[in-house]
Amino acid sequence: MIGKPQLLELAEKYGTPLFVYDGEQVVENYRKLFEFIPYPGLKVHYAMKANYNPGLLKLLKEAGAGLDTVSPGEVAFALKLGFPKERIIYTANNMTDQEFEEVLETGVVMNIGSLSRLKKIARDHKGANICLRFNPDVCDGDSAATMTGGDLTKFGILLDSVEEVKTLVREGGLHVVGLHEHTGSGLQHVESVFRSMENLMRIATPENFPELRFMDFGGGFKVPYKPGEERVDYYKMGAGIAKLFTEFCKKYGRELEMYFEPGKYMVAECGTLVVEVNTIKHNRTRTIAGCNSGFPQLIRPMLYGAYHHIVNLSNPDGVPHTYDICGNICETGDRFAEQRELPEIREYDLLAIENAGAYCYSMGGVYNMRPMPAEVVVCGGKVVSERRRLTNAELAEQILGECR
Ligand code: LLP
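Every value quoted in this text rests on a predicted model; they were computed, and no experiment measured them.

## Points about the site of the ligand
As a matter of local geometry, the ligand sits amid 19 residues, with Ser 185, Gly 220, Lys 264, Arg 300 and Tyr 359 nearest to it. Ser 185 is positioned with one of its side-chain polar atoms (N or O) 2.5 Å from an oxygen atom of the ligand. Between the ligand and Tyr 359 there is a distance of 2.6 Å, counted from an oxygen atom to a side-chain nitrogen or oxygen. In the complex, 92% of the free accessible area of the ligand, which totals 580 Å², lies under the protein chains. Taken together, the residues that form the shell around the ligand break down as 5 nonpolar, 8 polar and 6 charged.

Okay, here's the thing in structure tokens:
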């Protein structure tokens, strides 16, 4: 974690709002997974949708990580950054024919999550190597919107459809080199990881899928967002995972590779959004601290009701008061926190919105025509890469440049 003095220094140098990432910690999180999950054939494909900052991706590339991609745009970006195609997996859903062709040409393995798309590939791309995404039939995640298993989700092929899958694979002469499942994001119960693995492994017999090279068990590892929230015992979880998979491989008859594709676990805690307060308002029952960022730059509280811890960087010892921490967007729901106790907030105080490394910048936009904040990556106390903020004039030019 980057300390308060350095956050203040960076805010002074780069201005706010500013995303600051701890690049060393991201790489450390990647490396640690190999310690937590003691299986020799483990491969980690970072879910780049969580944060596609090029500085972070370069660090992960050097550390040996692969990438989980979900659009042809992400595939193109990953290849452009020099990730070898063998280290990329493409898990899109509701793929168009054009997206199919575009990614197929790159040689990146495609993960197919529906019978209707499998039919298309069996018809038009005979002999292709593919991975198949199944619905693990386990429901877990940190909000209803981030659960991807069970009856209410659009993701994956039902486990009950194995026979239909086999027929299509045979007809298309397809090579199923991997099986995949992803249960949800922010899994609340470690048991869910095990149960989903077991459900997928149950259909992964040599009779059903004789050509498997890997099994991919998705992402979703939970990280604490609230102070005092218990951290998952990753060692215990990893040992359980390795045991299950080793037993599975014995039954399968071959040692397969095991993939995981975490996003939040890798980057959530490694990012901070620093914002500046410009307005203090007493609205009868509520005191509002208004700052120079808003939900288009960090949407998780508004979209999922997610908790992000907020620290008063510049007045840490102030007398505590209760605030609504609001942004600068013309919508009432534009709040980072509601009724949150913080040391007294004054105009020009800097606040750190924590756990802003995953699904914050990457889910951002320029609603109300405010350019996205700058981003800096810090390693060993130094900024190793930066992405600047567009000026208002540049944003206008960019939009007009796209039009005729
Ligand atoms: N693999 C697949 C196929 C996924 O769909 C996802 C996340 C991951 C891996 C990585 O999951 P993670 O390890 O990051 O939990 N925007 C939401 C999270 C959406 C996750 C989408 N898929 C949030 O901010 O909570």
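## A closer look at helix H3 (residues 54-63)
Among all positions in H3, only Gly 55, Leu 56, Leu 57, Leu 59, Leu 60 and Ala 63 are buried. At the N-terminal boundary of H3, the capping side chain belongs to Asn 53, with an oxygen 2.8 Å from the backbone nitrogen of Gly 55. Looking one or two residues beyond H3, the residue adopting positive phi is Gly 64, at roughly 105°.

## Describing the nonpolar core
Judged by nonpolar contacts, the single largest core of 107 residues is most densely connected at Leu 132, Phe 134, Leu 179, Met 215 and Phe 245. With 9 residues, helix H9 (residues 234-252) is the single largest residue contributor to this core. In this view, Met 215 contacts Leu 179, Leu 200, Met 201, Ala 204, Phe 245, Phe 248, Leu 256, Glu 257, Met 258 and Tyr 259; residues no more than four positions away in its chain are not counted. In this structure, Ile 2, Leu 313, Ala 352 and Val 376 belong to the second largest nonpolar core, which totals 14 residues.

## Some remarks on the packing of aromatic side chains
Tallied over the full model, the rule gives 18 aromatic pairs. Between the aromatic rings of Tyr 52 and Phe 77, the centroid separation amounts to 6.2 Å while the plane-to-plane angle is 90°, which identifies the pairing as edge-to-face. With Tyr 52 in the loop between strand S2 (42-47) and H3 and Phe 77 in helix H4 (residues 72-80), the pair connects residues that are 25 residues apart, well separated along the chain. Take Tyr 52: its relative accessible area is 29%, and that puts it in the partly exposed class. The interplanar angle of 80° and the centroid separation of 6.4 Å between the aromatic rings of Tyr 52 and Tyr 361 together place this pair among those described as edge-to-face. One end of the pair, Tyr 52, is in the loop between S2 and H3; the other, Tyr 361, is in the loop between strand S16 (350-353) and strand S17 (374-379), with 309 residues separating them in the sequence.

## Some thoughts on the environment of Thr 287
Tracing the backbone shows Thr 287 in strand S12 (residues 286-291). By relative accessible area, which is 18% here, Thr 287 ends up buried. Along the backbone, Thr 287 and Ile 325 are 38 residues apart, and their C-alpha atoms lie at a distance of 8.7 Å. The residues touching Thr 287, leaving out its near neighbours within four places in the chain, are Ile 280, Lys 281, His 282, Thr 322, Tyr 323 and Asp 324. In terms of polar contacts, Thr 287 uses its side chain to reach the side chain of His 282, at 3.3 Å.

## Remarks on H4
Taken together, the buried positions of H4 are occupied by Pro 72, Glu 74, Val 75 and Ala 78. Considered in projection along H4, the buried side chains sweep an arc of 160° and stay on one side of the axis. For H4, the elements touching its buried residues are strand S3 (66-69), strand S4 (88-90) and helix H5 (97-106). Positive phi appears at Gly 82, one or two residues downstream of H4, with a value of about 95°.

## Here's the deal with unusual backbone geometry
The omega angle of the peptide bond from Thr 16 to Pro 17 is -5°, so this bond is cis rather than trans. One can find Pro 17 in the loop between helix H1 (4-14) and strand S1 (18-22). Unusually for a residue other than glycine, Arg 284 sits at a positive phi of about 50°. Summarising the element assignment, Arg 284 is placed in the loop between strand S11 (271-283) and S12. Positive phi, close to 70°, is recorded for Asn 368, a residue that is not glycine. By secondary structure assignment, the location of Asn 368 is in the loop between S16 and S17.

## A word on the packing of helix H6 (residues 115-124) against helix H7 (residues 162-172)
Each pair of packed helices can be described by the angle between their axes along with the distance between the axes. Packing of H6 against H7 brings their axes to within 9 Å, and their N-to-C directions diverge by 15°. Taken together, the axes of H6 and H7 lie roughly parallel to each other. By crossing handedness, the relation of H6 to H7 is classed as left-handed. For the pair H6 and H7, the contacting residues are Leu 115, Leu 118, Lys 119 and Ala 122 in the first and Glu 164, Val 165, Leu 168 and Gly 172 in the second. Class assignment of the residues belonging to the contact of H6 with H7 gives a composition of 5 nonpolar, 1 polar and 2 charged.

## Topic: the pattern of salt bridges
Think of it this way: side chains of opposite charge can pair up when their charged atoms draw near. For the structure shown, the criterion picks out 21 salt bridges. Residue Glu 338 pairs with Arg 286 through a salt bridge whose shortest N-O separation is 2.7 Å. With Glu 338 in strand S15 (residues 335-343) and Arg 286 in strand S12, the pair connects residues that are 52 residues apart, well separated along the chain. With relative accessibility at 27%, the residue Arg 286 sits in the partly exposed group. Linking Asp 324 and Arg 335 is a salt bridge whose minimum nitrogen-to-oxygen distance equals 3.8 Å.

## Looking at the environment of Cys 249
Summarising the element assignment, Cys 249 is placed in helix H9. Linking Cys 249 and Thr 205, residues 44 residues apart in sequence, is a C-alpha distance of 9.9 Å. Here Cys 249 is in contact with Tyr 39, Arg 254, Glu 255 and Leu 256, once residues within four sequence places are set aside.

Definitions and cut-offs
Residues numbered from 1 in each chain as written. Predicted model: local features only at pLDDT ≥ 70, side-chain atom pairs only at ≥ 80, totals over all residues. Heavy atoms only, no water. Near = heavy atom within 4 Å. Polar contact = N/O pair within 3.5 Å; in protein donor to acceptor, adjacent residues only side chain to side chain. Areas by Shrake-Rupley, 256 points an atom, 1.4 Å probe, with all protein chains shown as cover. Nonpolar A, V, L, I, M, F, W, Y, C, P; charged D, E, K, R; others polar. Buried < 20%, exposed > 50% of the residue type's maximum accessible area, 1.4 Å probe, protein only. Helix = DSSP H or I, 4+ residues; strand = E, 2+ residues; numbered from the N terminus. Core = buried A, V, L, I, M, F, W, Y, C linked by side-chain atoms within 4.5 Å. Contact = heavy atoms within 4.5 Å. Phe/Tyr/Trp six-rings, centres within 6.5 Å; stacked < 30°, edge-to-face > 60°. Arc of directions from axis to C-beta. Axes fitted to C-alpha atoms, helices over the stretch in contact; angles between N-to-C directions. Parallel < 35°, antiparallel > 145°, perpendicular 65-115°, else oblique. Left-handed = near helix turned anticlockwise from the far one by under 90°. Salt bridge = Lys/Arg side-chain N within 4 Å of Asp/Glu carboxyl O.

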